[in-house]
Amino acid sequence: HAIYNFVEKLEASNVPTKKFSLTGLNQEDLTTMISDALCLYPRICKPLSDIVFQKTKGNPFFVLEFMQSLCTRGLLWYNRQQKRWVWNESIIRSEEITDNVKYLLASKLNGLPGNLQGVLKVLACFGTSTSEQLIGYLSETIEYSAIREQLDDAISGGFIEKDGKGGFKFVHDKVREAAYNLIPTSDKNQFHYDLGKLLHATCKGKEVGDVQFVIVSQINRGLQLIESHPSLRMEIAELNMKAGNVGLDRSDFVTANSYFSVSLSLLPEDHWNSMYTFCRSLYFSVAKAAYSSANLEKAQKALQKIIDESKCLNEKLDALHLLVTVLVERDAQEQAFTTSFEVLLQLGETIPDSFDKRDARAMVKKTSKILGDISEESMSKMKEVDKKTEYILMFYNHISGVAFFAKPAMVPYFSCRMMQLSMESGISKYSIGSFLNYAGMLCNNKVFRNIEGGCRLGRIVMKTVSSKRFGSSSDQKAKLCFQYYALIAYYSEPFQHCRDMLREGVEAGLGTGDVRYSFLNALNSIRLGLLSGKNLQDLLKETEYYLSMMCKQKENQTKALMLMFHETISLLISNSEYTAPTIATGSIIPPLQHCFHKALQSFFKSRSERCNHFAEKIMQAAEGGRQHHIFITFYYALNSFKVAEIVHTKKINAVPDQALSAFRAAAEHSKDNFQNKVELLEAELYNRDGEYDKAKASYAAAIASARLSKFIHEEGLACEKAALHHKKIGETSEALNYFTKAQECYKKWGSQVKADEIERQIELMQM
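Residues numbered from 1 in each chain as written. Predicted model: local features only at pLDDT ≥ 70, side-chain atom pairs only at ≥ 80, totals over all residues. Heavy atoms only, no water.

Notes on the overall build of the protein
Applied cut-off: Helix and strand labels come from DSSP, where a helix needs a run of H or I of at least four residues and a strand needs a run of E of at least two; each type is numbered from the N terminus. For the radius of gyration, the atom set is restricted to C-alpha positions; the globular benchmark scales as 2.2 Å times the number of residues to the power 0.38. Contacts are assigned to residue pairs that have any heavy atoms within 4.5 Å of one another. Every accessible area reported is derived by Shrake-Rupley at a probe size of 1.4 Å, with residue values counting cover from the shown protein chains alone. Residues scored as positive are Lys and Arg, those scored as negative are Asp and Glu, and His as well as the terminal groups of each chain are ignored. Where a charge lies is defined by one atom per residue type: Lys uses NZ, Arg uses CZ, Asp uses CG and Glu uses CD.
Counting its secondary structure elements, the protein contains 39 helices and five strands. Rg of the C-alpha trace for the protein: 35 Å, well past the compact-globule value of 27 Å for 767 residues, more than 25% over. With respect to the three principal axes, the spread of C-alpha positions in the protein is 105 × 75 × 45 Å. In the protein, the proportion of contacts linking residues at least 24 apart, taken out of those at least 6 apart, comes to 66%. On the protein, roughly 35400 Å² of surface is accessible, and the fraction owed to carbon and sulfur atoms is 51%. Here the protein contributes 93 positive and 88 negative side-chain charges, whose respective centroids are spaced 1 Å apart.

So, in structure tokens, the structure goes:
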């Protein structure tokens, strides 16, 4: 049935589905229905109802057909003398009228005129429904020129009906099944093939939309009929590739894969020699569909075949570009780096073997001069980049992404080189990401940090992207969302907005087959959800949803990282022992990712020394931990007040002041995200230094700012710290009040762990 195919496509595209099995009427309900129809008491109808149930299993459509057949055959009739319906129970029970109501339908259809049978057979080949567009093309043929009149007859006979969209549908799938069985089994493939060829001849040269799929599917049913006809095989191979590309454009990757597979099966043995250009196109389409369906091995094999068979570098570049993406997805970072490096060399680029901080400062200074006071207007007027430079920028984008983890010292070189090329040669929707790459470096690199400049450049880029300059940039949206909202925007735009946009990036990536950036957006949306106080129960469900998609897409690296979030969120919710989902990842968690989660878990579980241990590893990281640095700094600083009570060192005592300085600078760009952190750190410093009146004012300000920013977890944290301050100076009533408010906040956040901890504090004070 068509619905099963539809559900399979939804599941293959990672769309959540729920299946409900609809069984037939039970015997009691069937008796009630027949009783109502015949206007007789249920006890009188029960013998007939039992027979009908035995024959139909309670299927409502079968019941209707069966009852009508009894009337037609004179086995159920209205007796005027008795003034009621009567039936011949013994004959109905003894005669093998049917064990399957399809027999009734088949008998009914076999009695129809030949032309009406013919149109029902045609409609049955298309499934349960047929579009008006398809009927229109059929009516243009000599064979089916009278199809509209025949459709009216089919409607009058009760076999089909209008579907409300201008098309036609069978009144029941069993009618369609019976109509289809009018075609002898041995003739079915030929019938489909002839129908497809007829439609193809009629539609040739026309833009037919979805009818393309119908035509090719009909022809494909008869492939065994053309095994000895090379020219026909090639024609049908081209039709399948065209249909597959339509599916690819619509993000229907399951459909695309099926058509491409047929096209490949029709190629001659020497296809790379005899059909070189066609094969390059087909294999590349195969690779794209396979990549988007998470079949990375198949994608890599198809791309490698193109690279091996292509005659020059220019004909390999698209395949090499996608190959690097596939290699990254397969965690083959070194091979991805080497491939990108070699391609850039072949394209005429010179890349230094090493690049130190002095080189980086000089190159950033030079790049800044070239960039000047760029504006949205000046960017919109930049010329379109030539194709060769666009490829160079694409591979620089690849290599810089890999170098971020493999060779972080080289990232400034790659970022600056991309900017210089763009300013010299122009931009396109595929190369504009180089500006975001540079902006991200300005925001996050400790050596030449310029948050204001990076955020400004990022905003200009995103406004340019949203303009009509590049037409539809939907295929780049997932990547651009990640580059801007995960690496730049959180310095200047509210965390919640960044999270919302990252979630849009998830959907955009899934829609275009950009699985890598889709799941990177998912990871960062969860990260910002956790750090902005999203309800933990809702966040846990979200991580489980993303994990299920990552399992289907075989995304082991992002799956391993998402599992860390699942663990952290679970441990913040409950004190019960964490049990990870039974999901094999096969990937190792990067050390700094591990430290980030352990530091966060330890902080909220009040394990100060453990939190300090993991937080310091992130703070000491050169470049790899820069995404986590700003976020963990706050908790590291608050935690240091506890650590200082145990270990008195200049290093520990200096942590809060250093953090306060960093957050004051950050708050200049976004009070929404950072002002509450400034005020809470000030309060804790005032409390430490004995300036209690200032501490009270700062705690109140921190609570108000966190509430204004909707950071419910940090509002609870500020209330908790205020309570401890009042407890310290002997103001018990105020302390209890703040503890109660803290507990309310933690409950709203969804952290029973923190709520229970506050409850213990309250109980101690009330003893």
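A look at helix H27 (residues 495-512)
As a reminder, the rule being used: Under the convention used throughout, the expected extent of a helix is 1.5 Å for every residue step, that is, one less than its residue count. Relative accessibility under 20% of the residue-type maximum defines a buried residue, over 50% an exposed one, and the middle range a partly exposed one, all with a 1.4 Å probe and only protein chains included.
With 18 residues, H27 should reach 26 Å at 1.5 Å per residue; the first-to-last C-alpha distance of 26 Å fits that figure. For H27, the set of buried residues is Phe495, Cys498, Arg499, Met501, Leu502, Gly505, Val506, Ala508, Gly509 and Leu510. Within two residues after H27, glycine 513 carries a phi angle of roughly 85 degrees, on the positive side.

A closer look at the pairing of strand S2 (residues 84-87)
This is how the line gets drawn: Here the rule is simple: two strands pair whenever DSSP picks up at least two bridges between them.
Alignment of strand S1 (residues 76-79) against S2, held across four bridges, turns out to be antiparallel. Bridge pairing links leucine 76 to tryptophan 87 in S2. Here S1 hands over to S2 after four residues, with lysine 83 in that stretch at a positive phi of 55 degrees.

Details of a positive patch on the surface
What counts here: Candidates for patches are residues over 30% relative accessible area with no salt bridge; among them, like charges are joined within 9 Å and nonpolar side chains (Val, Leu, Ile, Met, Phe, Trp, Tyr) within 5 Å. A side-chain nitrogen of Lys or Arg and a carboxyl oxygen of Asp or Glu constitute a salt bridge if their distance falls within 4 Å.
Judged by side-chain charge, Lys357, Arg358, Arg361, Lys446 and Arg449 come together as a positively charged surface patch. What makes lysine 446 partly exposed here is its relative accessible area of 39%.

Topic: the packing of helix H16 (residues 276-292) against helix H18 (residues 317-329)
We count it as follows: Note on definitions: angles span 0 to 180 degrees between N-to-C directions of axes, and those axes are lines fitted to C-alpha atoms, for helices only across the stretch in contact. For classification purposes, angles smaller than 35 degrees are called roughly parallel, those larger than 145 roughly antiparallel, those between 65 and 115 roughly perpendicular, and all remaining angles oblique. Handedness of a crossing follows from how the near helix is turned relative to the far one, being left-handed for an anticlockwise turn of less than a right angle and right-handed for a clockwise one. Each residue is assigned to one class: nonpolar for Ala, Val, Leu, Ile, Met, Phe, Trp, Tyr, Cys and Pro, charged for Asp, Glu, Lys and Arg, and polar for all the others, Gly among them.
Contact geometry for H16 and H18: axes closest at 11 Å, N-to-C directions at 25 degrees. The angle between H16 and H18 falls in the class roughly parallel. For H16 against H18, the interelement crossing comes out left-handed. Contacts from Phe284, Ala287, Lys288 and Tyr291 in H16 reach Asp318, Ala319, Leu322, Thr325, Val326 and Glu329 in H18. For the contact of H16 with H18, the per-class residue count stands at six nonpolar, one polar and three charged.

Regarding the side chain of serine 751
Test applied: In protein, a polar contact requires one atom able to donate a hydrogen and another able to accept it; more generally it is a pair of N or O atoms within 3.5 Å, and residues adjacent in sequence count only if both atoms are side-chain atoms.
By secondary structure assignment, the location of serine 751 is in the loop between helix H38 (732-749) and helix H39 (752-766). A polar contact of 3.2 Å, which involves the side chain of serine 751, links it to the backbone nitrogen of lysine 754. Sequence-distant contacts of serine 751, defined by excluding residues within four places in its chain, comprise Leu536, Leu572, Ile573 and Tyr746.

Quick word on the pattern of salt bridges
Inspection of the entire model under this criterion finds 26 salt bridges. Notably, a salt bridge pairs aspartate 689 with arginine 688, separated by 3.1 Å at the nearest N-O pair. Because the salt bridges share partners, they merge into one network encompassing Arg499, Arg503 and Glu542.

Considerations on the nonpolar core
The following threshold applies: To define a nonpolar core, start from buried Ala, Val, Leu, Ile, Met, Phe, Trp, Tyr and Cys residues and group those joined through side-chain atoms within 4.5 Å.
Counting residues in each nonpolar core, the largest one holds 232 residues, and the members touching the most others are Leu120, Tyr396 and Phe435. For tyrosine 396, the contacting residues outside a window of four places in its chain are Leu344, Glu349, Ile351, Tyr413, Phe414, Arg417, Met418 and Leu421. Of all hydrophobic cores here, the second largest spans 16 residues; its members include Leu48, Val52, Val63 and Leu70.

Brief notes about the environment of asparagine 115
Note that asparagine 115 resides in helix H7 (residues 114-125). On the basis of relative accessibility, which here comes to 46%, the residue asparagine 115 falls in the partly exposed class. Asparagine 115 sits 35 residues away from glutamine 150 along the chain, and the two C-alpha atoms are 7.4 Å apart.

What about the packing of helix H12 (residues 211-220) against helix H14 (residues 253-265)?
Where H12 contacts H14, the axes come no closer than 12 Å and their chain directions differ by 45 degrees. On the basis of their axis angle, the class for H12 and H14 is oblique. As H12 packs across H14, the resulting crossing turns out to be left-handed. Residues Phe213, Val216, Ser217 and Asn220 of H12 form the contact with H14, whose participating residues are Thr255, Tyr259 and Val262. Along the lines of polarity and charge, the residues of the contact of H12 with H14 split into four nonpolar, three polar and no charged.

Some details on unusual backbone geometry
What you tend to see is this: most non-glycine residues have negative phi, and most peptide bonds are trans. The backbone of serine 251 shows a phi angle near 65 degrees, a positive value even though the residue is not glycine. Take serine 251: it is sitting in the loop between helix H13 (230-249) and H14. Look at serine 251 and you get partly exposed, because its relative accessible area is 22%. Unusually for a residue other than glycine, serine 606 sits at a positive phi of about 60 degrees. Mapped onto the fold, serine 606 is located in the loop between helix H31 (591-604) and helix H32 (608-620).

Section: the environment of asparagine 444
By the secondary structure assignment, asparagine 444 is in helix H24 (residues 433-444). On the basis of relative accessibility, which here comes to 3%, the residue asparagine 444 falls in the buried class. Taking the C-alpha atoms as reference, asparagine 444 lies 9.2 Å from histidine 629; in sequence the two are 185 residues apart. Here the side chain of asparagine 444 touches glycine 440 through a polar contact of 2.9 Å, landing on its backbone oxygen.

A closer look at the state of the cysteines
Put simply, the test is: The disulfide definition used here is simple: a pair of cysteine sulfur atoms within 2.5 Å.
Summed over all chains, the structure comprises zero disulfides. A disulfide-free cysteine, cysteine 279 has its sulfur positioned 16 Å from the sulfur of cysteine 312, the nearest such atom. The structure places no disulfide on cysteine 443, whose sulfur is separated from the nearest cysteine sulfur, that of cysteine 455, by 4.0 Å.

Re the sheet that holds strand S3 (residues 129-130)
What the three strands build is an open sheet, ordered S3-S5-S4; its pairing is antiparallel. Each edge of the open sheet is held by one strand with a lone partner, namely S3 and strand S4 (160-162). Alignment of S3 against strand S5 (residues 168-170), held across two bridges, turns out to be antiparallel. From the neighbouring strand, threonine 130 faces S5, where its bridge partner is phenylalanine 168. Lying on the sheet, H7 is in contact with S3, S4 and S5; it crosses S5 at an angle near 90 degrees.

With respect to the packing of aromatic side chains
What counts here: Pairs were defined over the aromatic rings of Phe, Tyr and Trp, the Trp ring being its six-membered one, requiring ring centres within 6.5 Å. Orientation was assigned from the angle between planes: stacked under 30 degrees, edge-to-face over 60, tilted for the rest. A positively charged side chain is recorded as over a ring if its NZ (Lys) or CZ (Arg) lies within 6 Å of the ring centre. The angle to the ring normal must also be within 35 degrees.
This structure, assessed with the given rule, holds 25 aromatic pairs. Against the face of tyrosine 391 rests lysine 387, its NZ or CZ located 5.3 Å from the ring centre.

So, helix H23 (residues 411-425)
The end-to-end C-alpha distance of H23, which contains 15 residues, comes to 21 Å, matching closely the 21 Å that a straight helix rising 1.5 Å per residue would cover. For H23, the tally of buried residues reaches 13 of 15 residues, placing the bulk of the element in the interior. A positive phi of about 110 degrees marks glycine 426, the residue just after H23.

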